[in-house]
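One letter stands for each residue in the lines below.
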Amino acid sequence: MRISVLLLVIATLSPAIAETWSLMRFTPVCEGDIQRFSDLGFDPVMVYSDASCDFVATDAERQLLLRSGLQASCLVPDMEALYASHYREPLTMGGFQTWTEVQSWMDSLHAANPGITSAPTSIGNTYEGRPQLVMKISSNNSFSADDPSMPNAWYDGLIHSREGASLRNIQYWMMWLCSNHGRNGFCGYQADWILDNREIWCLPVNNVDGWVYNQTQYPGGGGMHRKNRNLSAGGSGIDLNRNWSVGWGGAGSSGDPGSETYRGTGPLSEPEAANIDAFWQAHPPAQMHSTHAYANALIYPWGWTDAPTTHAAQYTTQGELMVTWGTGEDHYPSAQFYYASGNTRDHSYGLYGAMSWNHETGASFAGFWPPADEVVRLSRRNLRSYLVTACLAGRPYDPAVPGVPVMEEIGMVSGSFTVNWSDAANASFYALQRLSGYQVPLNDTGDSGPFNKVNWIMTGSQYHSPGQCYRSNGTGAMTWQQTVTIPPGGGGRISFWSMQNIVPESYQGAFSYSPDGGANWYYLQTFGRNDMNWRFNIHELDEWQGKTLSFRWESYGPAGSCALYIDDIKVEVWDTNTIQADGLSSSQHTVSGLPTGDYWFRAWAVDNSFGPGWPAEPVLAQVVGVGVEEASEAFVQDSFLLGVITPTPARTTAIVPVLLGGTEGVSLVVLDVAGRVVEDLTPVLAPGGVNIPLDVSGMRAGIYFVRLAGPAGVRTARMTVLP
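Described in the following lines is the structure provided in the data block. If you're wondering where the values come from, they're calculated on a predicted model, not measured in any experiment.

### A closer look at the overall build of the chain
Thinking step 1. The helix and strand tally for the chain stands at 15 helices and 37 strands.
Thinking step 2. Radius of gyration (C-alpha) of the chain: 28 Å, near the 27 Å computed for a compact globule of 723 residues.
Thinking step 3. Its C-alpha atoms put the chain at 95 × 65 × 50 Å along the principal axes.
Thinking step 4. Looking at the chain alone, contacts between residues at least 24 apart form 75% of all its contacts between residues at least 6 apart.
Thinking step 5. For the chain, the accessible surface area stands at approximately 25900 Å², while carbon and sulfur atoms represent 53% of it.
Thinking step 6. The distance from the centre of the 39 positive side-chain charges to the centre of the 67 negative ones in the chain is 4 Å.

The following block contains the structure:
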């Protein structure tokens, strides 16, 4: 009896025969073939416009396909052998991190950013007893104490343990929020706004057991195990993305334990799914963004039915916003891509009302285990889409972004002057930024500028501005021959217009940057649509302060199937970023006390429910010399300061430091985001330096502005109050 039990345990813990995963292409002959293929629960990775698809099949699934009478060809007989050939040099997990390394990385990120991150915290153990570690990134960084005024946004990767790009993308999103926190310039403002107004929850490794198993089998990368490690049903595990409640057991999942889409014995039967569901009950997400590989597609509910969701129009709008902000791929309901019943997006939307997305990251040439250089390029591949969904957590069912103001020309001024700009759509308030040392290293209109072009041409048949633009002509790149250095404390941006005619299933265009002279390139933006619409693309550069950047546009695919059009490229850079004023309720602001010199101003709108929109194009103010009266005013300016408010966020008391030369005509008030005075501190002002205690315990949680106003001008500081 003891020997029989031992053999049973060994059989449960170890598969009897090693799996071989093949990449197959299914080609339907009739409409019924598509339904039969879906009912059998295969795992599509790429779907084509002719209804054929590429899918991954095990030995048992290939036999099932033959018995079903469906037609398929074998593209790659042994995917693990193919991926192993990528890694001729030893690379841990093919350039991705092991589970131990991920844990150390999360600990280090928290140690370096204790004020805006929680410690990595387990929300429960996996089937084999490993923790599912979640980190909260927010100015309200307590893992257990939610702020009800701050919507939750959820991000996870590696629900399928062979999809390493999903881990890399979640990690970069976490690093971006932390590294830009407190940075001067637009990127810092954007990151701080998200941290002050959102609770970002990140689970980089969902399927820990599967990831560890792939490491043990293929420590250099290339392991094709997909499911968790619950082998009790006799197969190779349960597909964690078919184990959720909504639509469980339907099309696109399988009841066969040997299938890659085996759904388990019941909804939420697996601890990995049940842990997340329990967490969502306590912290319901407003946006849910789960990352997968590969297909270069954004997909949303439903996966179990062809019927549209209640918010089909809102999903389309959100998808277009992600395309406009830098993720240029198709978006559609999951069932249009493939049926997948019992998945995370249907569950989080159907039960918790979260606007839910799956991001299929990477083109077919990258696959599950891309070559090392492609691993690097994919690192920040999804960053801009994550930014959009984090912001839209405040208005998930009414997706809209703030408009871009238009600045009025200023010209030559002396003394005090007013900066004006147009009203912008969805603006709750405005921020005004002052720049110095502004330059334009490149302003090219498609007229054979300073680019090295490999399989790129100029064409007059399409353009954004007359009379020509640049066009990819097959696999190749158009690289700017120069570089731009972002000064420490300064900033910049690159903008251009793009249009794409790319077969999205197999090919891709991209815009990339290198911070190290071309040794490594990272995707800033990708393109994978064929709609031939010109779109304006903006990338703020102040996150790379002190770095020298190279830029290139790329295309991957034959000339007839991958045409990327680029026009009106502009590179800007400046020496300093300064927030001149924040929380402005009107589209103008009076500036005074600036020494003689050239200054550029640009404003951006902030929507209380979304965050900051893109900044306006800057305008120049030439401040000329001052006379005796202005010199006297400048002296008052030196003694008219509003310091940094601490702590922020605050729960009980905040300290407001003020330095004044005199109090005549000076006021100090606290405003809410609607511009209403909630506290008047004017009576306690006194000449000299004073630290004024502000009792915030009776104030509602949210963002406030402290405004110091007087003959020398206006100073504004932002603060956050916690419940």
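### Quick look at the pattern of salt bridges
Thinking step 1. Taken as a whole and judged by the stated rule, the model has 29 salt bridges.
Thinking step 2. Among the ionic pairs, D531 bridges to R529, the shortest N-O distance being 3.0 Å.
Thinking step 3. Residue class for R529 comes out buried when judged on its relative accessible area of 8%.
Thinking step 4. A salt bridge links R676 to D672, with the nearest nitrogen and oxygen atoms 2.8 Å apart.
Thinking step 5. D672 gets classed as buried once you look at its relative accessible area, which sits at 12%.
Thinking step 6. Salt bridges linked by common partners bring D43, R162, R226, D239, R242 and E260 together as one network.

### Considering the nonpolar core
Thinking step 1. Counting 85 residues, the largest nonpolar core has I137, Y155, W173, I194, I200, W211 and F368 as its most contacted members.
Thinking step 2. Contacts of I137, omitting those with residues within four sequence positions, involve I116, T117, M174, L177, C178, L195, R198, E199, I200 and C202.
Thinking step 3. Residues L442, I494, I502 and V571 belong to the second largest nonpolar core, which totals 29 residues.

### Looking at empty space enclosed by the protein
Thinking step 1. Summed over all chains, the structure comprises four cavities of 30 Å³ or more.
Thinking step 2. Taken as a whole, the largest cavity holds about 120 Å³ of empty space.
Thinking step 3. What lines the largest cavity is a set of 14 residues, among which C187, R380, R384, E540 and E543 lie closest to the centre.
Thinking step 4. At three residues, the largest contribution of residues to the lining of the largest cavity is made by helix α14 (residues 383-392).
Thinking step 5. Here the residues of the lining of the largest cavity sort into eight nonpolar, two polar and four charged.
Thinking step 6. When its volume is computed, the second largest cavity comes out at roughly 90 Å³.
Thinking step 7. Around the second largest cavity, the lining is made up of 14 residues, and of these D43, P44, E163, Y338 and E360 lie nearest the centre.
Thinking step 8. Ranked by the residues each element gives to the lining of the second largest cavity, the list is headed by strand β2 (residues 43-47), at three residues.
Thinking step 9. A breakdown of the residues in the lining of the second largest cavity according to their chemical character gives seven nonpolar, two polar and five charged.

### Points about the packing of helix α6 (residues 164-180) against α14
Thinking step 1. Viewed as axis vectors pointing N to C, α6 and α14 meet at an angle of 65°, and their least axial separation amounts to 10 Å. The chirality of how α6 crosses α14 is right-handed. Here N169, I170, W173 and W176 of α6 lie close against α14, whose contacting residues are L383, Y386, L387 and A390.
Thinking step 2. Of the residues belonging to the contact of α6 with α14, the class tally is seven nonpolar, one polar and no charged.

### Let's talk about the packing of helix α10 (residues 312-325) against α14
Thinking step 1. Direction vectors running N to C along α10 and α14 enclose 135°, while the axes themselves pass 8 Å from each other. Here α10 lies oblique to α14, going by the angle between them. Between α10 and α14 lies a crossing of right-handed hand. Of the residues in α14, those in contact with Q318, L321, M322 and W325 of α10 are R384, S385, V388, T389 and L392.

### Brief notes about helix α8 (residues 208-217)
Thinking step 1. Of all ten residues in α8, seven are buried, a share of seventy percent or more.
Thinking step 2. Among the residues of α8, V208, D209, G210, W211, V212, Y213 and N214 are the ones counted as buried.
Thinking step 3. Where the residues of α8 are buried, they touch α5 (99-112), β6 (131-137), α6 and α9 (271-282).

### So, the packing of aromatic side chains
Thinking step 1. Under the counting rule described, the total for this entry stands at 45 aromatic pairs.
Thinking step 2. Seen in terms of ring centroids, W280 and Y352 are 6.1 Å apart; in terms of plane orientation they differ by 75°. Their pairing is edge-to-face. Taken together, the residues W280 in helix α9 and Y352 in helix α12 (residues 344-352) connect sequence positions 72 residues apart.
Thinking step 3. Looking at W280, the relative accessible area reads 1%, which means it is buried.
Thinking step 4. Taken together, a centroid distance of 6.0 Å and an interplanar angle of 65° make the contact between W302 and W304 edge-to-face.
Thinking step 5. Members of the aromatic cluster, each reached through a chain of ring pairs, are F143, W154, W201, W244, F279, W280 and Y352.
Thinking step 6. Between the NZ or CZ atom of R162 and the centre of the ring of F368, over which it lies, the distance is 4.8 Å.
Thinking step 7. The positively charged end of R229 is found above the aromatic ring belonging to Y213, 3.6 Å away from the centroid.

### Some remarks on the environment of C178
Thinking step 1. In this structure, C178 sits in helix α6.
Thinking step 2. The spatial distance from the C-alpha of C178 to the C-alpha of M478 is 32 Å, given a sequence separation of 300 residues.
Thinking step 3. Not counting chain neighbours up to four residues away, the residues in contact with C178 comprise L109, N113, I116, T117 and I137.

### Concerning α5
Thinking step 1. Helix length check: α5, at 14 residues, gives a terminal C-alpha distance of 20 Å against a target of 20 Å (1.5 Å per residue), a fit within 8%.
Thinking step 2. Of all the residues in α5, the buried ones are W99, V102, W105, M106 and L109. When α5 is viewed along its axis, its buried side chains cluster within an angular range of 115° and face the same direction. In α5, the exposed positions that point more than 90 degrees away from the buried face belong to T100, A111 and A112.

### A word on the side chain of D607
Thinking step 1. Within the element layout of this structure, D607 appears in strand β28 (residues 597-607).
Thinking step 2. Among all residues touching D607, those that are not within four sequence positions of it are W193, R395, P402, N426 and S428.

### Some thoughts on the sheet that holds strand β31 (residues 640-642)
Thinking step 1. With respect to topology, three strands assemble into an open sheet ordered β31-β32-β35, the strand pairing being antiparallel. Across the chains shown, the open sheet's two edge strands, defined by having one partner strand only, are β31 and β35 (688-695). Taking each pair of neighbouring strands and ignoring which way they run, the sheet shows an average axis angle of 20°.

### Here we look at the sheet that holds strand β36 (residues 702-710)
Thinking step 1. Pairing is antiparallel in the open sheet, where four strands are placed in the order β34-β33-β36-β37. Of all strands in the sheet, those with a lone pairing partner are β34 (677-680) and β37 (713-721), marking the two edges. Direction aside, the axes of adjacent strands within the sheet are offset by 25° on average.
Thinking step 2. Pairing geometry for β36 and β37, over nine bridges, is antiparallel. Looking at the pairing, L708 lines up with R715 of β37.
Thinking step 3. Each of β36 and β37 is contacted by helix α7 (residues 186-197), which is oriented at about 45° to β37, the strand it contacts most.

Cut-offs applied
- Residues numbered from 1 in each chain as written.
- Predicted model: local features only at pLDDT ≥ 70, side-chain atom pairs only at ≥ 80, totals over all residues.
- Heavy atoms only, no water.
- Helix = DSSP H or I, 4+ residues; strand = E, 2+ residues; numbered from the N terminus.
- Rg over C-alpha atoms; globule rule 2.2 N^0.38 Å.
- Contact = heavy atoms within 4.5 Å.
- Areas by Shrake-Rupley, 256 points an atom, 1.4 Å probe, with all protein chains shown as cover.
- Lys, Arg positive; Asp, Glu negative; His and termini not counted.
- Charge placed at Lys NZ, Arg CZ, Asp CG, Glu CD.
- Salt bridge = Lys/Arg side-chain N within 4 Å of Asp/Glu carboxyl O.
- Buried < 20%, exposed > 50% of the residue type's maximum accessible area, 1.4 Å probe, protein only.
- Core = buried A, V, L, I, M, F, W, Y, C linked by side-chain atoms within 4.5 Å.
- 1 Å grid on protein atoms, 1.4 Å probe; cavity = no way out; pocket = protein on both sides within 12 Å on 5 of 7 lines; lining within 4 Å.
- Points joined across faces, edges and corners; volume = space filled by probe spheres on them.
- Nonpolar A, V, L, I, M, F, W, Y, C, P; charged D, E, K, R; others polar.
- Axes fitted to C-alpha atoms, helices over the stretch in contact; angles between N-to-C directions.
- Left-handed = near helix turned anticlockwise from the far one by under 90°.
- Parallel < 35°, antiparallel > 145°, perpendicular 65-115°, else oblique.
- Phe/Tyr/Trp six-rings, centres within 6.5 Å; stacked < 30°, edge-to-face > 60°.
- Lys NZ or Arg CZ within 6 Å of the ring centre and 35° of its normal.
- Expected span 1.5 Å × (residues − 1).
- Arc of directions from axis to C-beta.
- Pairing = 2+ DSSP bridges.

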